[in-house]
Amino acid sequence: MKVSKSLLLVFFLILINVSSVIAAPKPPAPMAKSSSSTADADDDGPPPPPGAPIDQNLIILFAGALILGSYTIYTYNSKRKASV
């Protein structure tokens, strides 16, 4: 019975996420620059993305996740052995 309840929960969570993605408004179409207007030379479109790459310090994050995961597993195993 637990399997069917968890599958039902997962199904509803996926359904909620998909419906919110489908309901999102469409982004506006990009506007073509007119060559006749030279007064707005500084208005070149959207600002550039930030300079930091996405994978910066990824090794540190991975090491921290391994340490936290090992600590959590160790404490869980020690509590489980003590309670028996």
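Quick note: structure is the one above.
Presented here is a report on the structure given in the accompanying data block.

Conventions used here
- Residues numbered from 1 in each chain as written.
- Predicted model: local features only at pLDDT ≥ 70, side-chain atom pairs only at ≥ 80, totals over all residues.
- Heavy atoms only, no water.
- Helix = DSSP H or I, 4+ residues; strand = E, 2+ residues; numbered from the N terminus.
- Buried < 20%, exposed > 50% of the residue type's maximum accessible area, 1.4 Å probe, protein only.
- Areas by Shrake-Rupley, 256 points an atom, 1.4 Å probe, with all protein chains shown as cover.
- Patch = residues over 30% accessible without salt bridge, like charges linked within 9 Å, V, L, I, M, F, W, Y side chains within 5 Å.
- Salt bridge = Lys/Arg side-chain N within 4 Å of Asp/Glu carboxyl O.

Here the focus is the overall build of the chain. Broken down by element type, the chain carries 2 helices and 0 strands. Across the 84 residues of the chain, 0% fall into the buried class. Of the roughly 8,600 Å² of accessible surface on the chain, 71% is carried by carbon and sulfur atoms.

Moving on to a nonpolar patch on the surface. Together, Leu 8, Phe 11, Phe 12 and Leu 15 make up a nonpolar patch on the protein surface, roughly 400 Å² of accessible area in all. Tracing the sequence through the fold places Phe 12 in helix H1 (residues 2-22). Classification of Phe 12 as partly exposed rests on a relative accessible area of 43%.

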